[in-house]
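Each chain, letter by letter, is given below.
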Amino acid sequence: MKSIIRLTVFALLFAAIAVPSIHAQLSDSERGVLIQRLDARAEHFAALSRQIWEFAEVGYQETRSAALLKEELRAAGFEITENIGGIPTAFSAQAGSGQPVIAILGEYDALPGLYQEAVPVKQPLRNNRPGHGCGHNLFGAASPAAASAVKEWLTEKGIAGTVRFFGCPAEEGGGGKIYMVRAWAFNDCDAVLHWHPGTENRASLKTNLANMTGKFRFRGTAAHASGSPDKGRSALDGVMLFTHAIELLREHVPQTTRMHYVITSGGDAPNVVPAFAEVYLYLRSPEMATIDNVWPRILKCAEAGALATETKVELELINSGYSILPNDVLTKQIERNLNVVGGVSYTPNERAFAEALRQTFVVEAAQALGNEAKVTKAEEGISYGSTDVGDVSWVVPTAGFGTATFVPGTPGHSWQSTACAGMSMGHKGMMVAAKTLTLTALDLYTDPQQLVAAQKNFESRKSGNQYRSRLPADQKPPLNYRDKGN
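Not measured: the values here are computed from a predicted model. (Residues numbered from 1 in each chain as written. Predicted model: local features only at pLDDT ≥ 70, side-chain atom pairs only at ≥ 80, totals over all residues. Heavy atoms only, no water.)

Asker: Is there a simple way to explain the overall build of the protein in this structure?
Answerer: Helices and strands together make up the secondary structure of the protein, namely 14 helices and 12 strands. Taking 2.2 N^0.38 as the reference for a compact globule, 486 residues should give roughly 23 Å; the C-alpha atoms of the protein span a radius of gyration of 24 Å, in line with that estimate. Based on the C-alpha atoms only, the size of the protein along its principal axes is roughly 85 × 55 × 40 Å. In the protein, buried positions account for 56% of the 486 residues. A separation threshold of at least 6 residues defines the contact pool for the protein, and within that pool the share at least 24 residues apart is 83%. Of the accessible surface of the protein, which amounts to about 20300 Å², a share of 53% is contributed by carbon and sulfur atoms. Taken together, the 46 basic and 48 acidic charged side chains of the protein have centroids lying 2 Å from each other. (Helix = DSSP H or I, 4+ residues; strand = E, 2+ residues; numbered from the N terminus. Rg over C-alpha atoms; globule rule 2.2 N^0.38 Å. Buried < 20%, exposed > 50% of the residue type's maximum accessible area, 1.4 Å probe, protein only. Contact = heavy atoms within 4.5 Å. Areas by Shrake-Rupley, 256 points an atom, 1.4 Å probe, with all protein chains shown as cover. Lys, Arg positive; Asp, Glu negative; His and termini not counted. Charge placed at Lys NZ, Arg CZ, Asp CG, Glu CD.)

Asker: Could you clarify how one ought to interpret the sheet that holds strand β3 (residues 101–107) in this entry?
Answerer: Strands sit in the order β1-β2-β4-β3-β5-β12-β6-β11 across an open sheet of eight strands; the sheet is mixed. In this open sheet, the two edge strands, each paired with only one partner strand, are β1 (79–82) and β11 (375–376). Here strand β6 (residues 201–203) runs beside strand β12 (residues 398–404); their pairing, made up of two bridges, is antiparallel. Bridge pairing in β12 links Ala203 to Phe401. Where helix α9 (residues 328–341) meets the sheet, it contacts β5 (191–198), β6, β11 and β12, and its direction lies at approximately 25 degrees from that of β12. (Pairing = 2+ DSSP bridges. Axes fitted to C-alpha atoms, helices over the stretch in contact; angles between N-to-C directions.)

Asker: Explanation requested: the pairing of strand β4 (residues 161–168) in the structure shown.
Answerer: One face of the sheet, then the other: side chains in a regular strand alternate in exactly this way. In terms of residue burial, β4 counts as a mostly covered element, since eight of its eight residues are buried. Across the two faces of β4 the burial is the same, with Gly161, Val163, Phe165 and Gly167 and Thr162, Arg164, Phe166 and Cys168 all buried. Pairing of strand β2 (residues 91–97) with β4 involves seven bridges; the strand directions are antiparallel. Looking at β4, one finds that Ser97 is bridged to Gly161. In the sheet, β3 pairs with β4 via seven bridges, with the strands oriented parallel. Note on β4: the bridge partner recorded for Val101 is Thr162. One crossover worth recording links β3 to the parallel β4 by way of helix α5 (residues 136–157), and it is right-handed. (Right-handed = clockwise from strand over helix to strand, strands pointing away.)

Asker: Teacher, can you tell me more about the nonpolar core here?
Answerer: Side chains of nonpolar character tend, in soluble globular proteins, to be buried together. Formed by 130 residues in total, the largest nonpolar core has its most connected members in Phe166, Phe186, Trp195, Phe242, Ile298 and Tyr445. Per-element tally for this core: the top contributor is helix α13 (residues 424–446), with 12 residues. When residues no more than four places from it in sequence are discounted, the contact partners of Trp195 are Leu138, Phe139, Ala142, Ser143, Phe401, Thr403, Thr405, Met430, Ala433 and Leu437. (Core = buried A, V, L, I, M, F, W, Y, C linked by side-chain atoms within 4.5 Å.)

Asker: How should I be thinking about the sheet that holds strand β7 (residues 210–219) in this particular structure?
Answerer: Strand pairing in a sheet relies on backbone hydrogen bonds, with the paired strands running either antiparallel or parallel. Across the sheet, which stays open at both edges, the four strands sit in the order β8-β9-β7-β10 with antiparallel pairing between neighbours. Here the strands that pair on one side only, and so sit at the sheet edges, are β8 (258–265) and β10 (312–321). Mean inter-strand twist for the sheet, computed between neighbouring axes without regard to direction, equals 15 degrees. Here β8 pairs with strand β9 (residues 276–285) via seven bridges, running antiparallel. Considered in β9, the bridge of Tyr261 is made with Leu281. Strands β7, β8 and β9 of the sheet are contacted by helix α7 (residues 235–249), whose axis makes an angle of about 20 degrees with β9.

Asker: What am I meant to see in unusual backbone geometry here?
Answerer: Outside of glycine, negative phi angles account for most residues, and trans bonds account for most peptide bonds. Following Gln99, the chain continues into Pro100 via a peptide bond in cis, with omega recorded as -5 degrees. Along the polypeptide, Pro100 turns up in the loop between β2 and β3. Geometrically, the link from Gln123 to Pro124 is a cis peptide bond, its omega value of -5 degrees lying close to zero. Relative to the elements of secondary structure, Pro124 occurs in the loop between β3 and α5.

Asker: Looking at this structure, how should I read the packing of aromatic side chains?
Answerer: Within a pair of aromatic rings, the relevant descriptors are the distance that separates the centres and the angle that separates the planes. Here the structure, examined in full by the defined rule, presents 11 aromatic pairs. Between the aromatic rings of Phe91 and Phe165, the centroid separation amounts to 5.8 Å while the plane-to-plane angle is 50 degrees, which identifies the pairing as tilted. In this pair, Phe91 sits in strand β2 while Phe165 sits in strand β4, placing the two residues 74 residues apart along the sequence. Judged by relative accessible area, Phe165 falls into the buried class, the value being 0%. Ring centres of Phe218 and Phe242 lie 6.0 Å apart, and the angle between their planes is 40 degrees; on these two criteria the pair is classed as tilted. Taken together, the residues span a long stretch of sequence, with Phe218 in strand β7 and Phe242 in helix α7 at a distance of 24 residues. With respect to burial, Phe218 and Phe242 carry one shared label: buried. Clustering of aromatic rings is evident, with ring pairs tying together Phe216, Phe218, Phe242 and Trp295. If you follow Arg129 out to its NZ or CZ, it ends over the ring of Tyr115, 3.8 Å from the centre. (Phe/Tyr/Trp six-rings, centres within 6.5 Å; stacked < 30°, edge-to-face > 60°. Lys NZ or Arg CZ within 6 Å of the ring centre and 35° of its normal.)

Asker: Whenever I open this one, helix α4 (residues 63–75) confuses me. Can you help?
Answerer: For an α-helix, 3.6 residues make a turn, and residues three or four places apart therefore share a direction. Taking 1.5 Å of rise per residue, the 13 residues of α4 would be expected to cover 18 Å, and the 18 Å separating its terminal C-alpha atoms lies within 8% of that figure. Looking at the buried side of α4, the elements it contacts are α3 (42–55), β1, β2, α5 and β4. Remark: Gly77 follows α4 within two positions and exhibits a positive phi of approximately 95 degrees. (Expected span 1.5 Å × (residues − 1).)

Here is the structure:
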């Protein structure tokens, strides 16, 4: 009912204002001016991105990265709202006034163990430091660049509307946006735009995988592993039986289902029966209904491991997120502007870097060099990652795209992608994103009928389904989810 009322309000509001004399759509020359302005600030935002790349802070611990972005946006005249959803590193930055409210998402968390210097060979050879293997340092810098450009343009032209940047922590498995959704952070937004670093320039009509994740902690009894093994009950044995049961379960779930895990703790010494062991597990599938069916079976596997080994198991639920709900109308606008902006052009040094990096790939790259300069047509389908943007897309019309920040063919979450994210080719792809976000947001302000159409498409795509988070209503953000249990 709320959505129907909102759609009616949209129609009445924009019927009143959508007359030619109010807002003229952006001309080609105006788009050119906006692109030139962002080009003039490219070095500034590259430096901002590089600082976040060097901080490399994991989810919910992005203190310096969030502070840097808040400082940047305050200086640009934005009002900051902090601690959204009880998360110290979640914030929003707002400028302008009135309707419509267009939001731009930003992320800035790094991945454990993926530190890498910005060179095309593995350096250092051994490390356990975090690194930006998903390019969120680029994501974190491009989106404020776009928000600032939008603010300036609205002010200059005297156009009504609010631009809001959301600083979103812990996308890598921590579900930061889910708690921001729960705090009603997006409910007054008319559209949400996002992007992601990648290996090609493409607007996205694809959905992805919903997920459920948790840490399974087994507790047993320590004993001398040789002198008195009968007095011990191995938590590690419980983990091994649990994970063996998961391997058998793979045969009996839908084919698009993914289950993967790491043993984050398996004991401290071979001659001590482990009293504690922990598994961090992900379940993914395109449909939340499949998650609902398979997750209870995973719980039974854990219970079986504990029963057989006379240990106890407890679960800390970490995350549960929806798959992305695409929006055809917003995606069409993004694709149009991505074609205006164009792709990435490598210098001779960057091409040499790319060729050297491609020699390190385990399998032959599916994408050829030169792909970074093209804009690829949007296609429907499924991508096999997950993101908490999915939850946002189920409460407000949302659309996104990728740009070629990484060498074509680079695997995600790799040392190679970390290297690209810290150097010039990553920065170039980042500015393609900033320009595309800016132009698309301004299209929505100057042609508000697009928002009416986007809302209709949003309702159609939902097909009567309602968003319902699978996280318990009283669950707090797992601020220490990157720590190992004990």
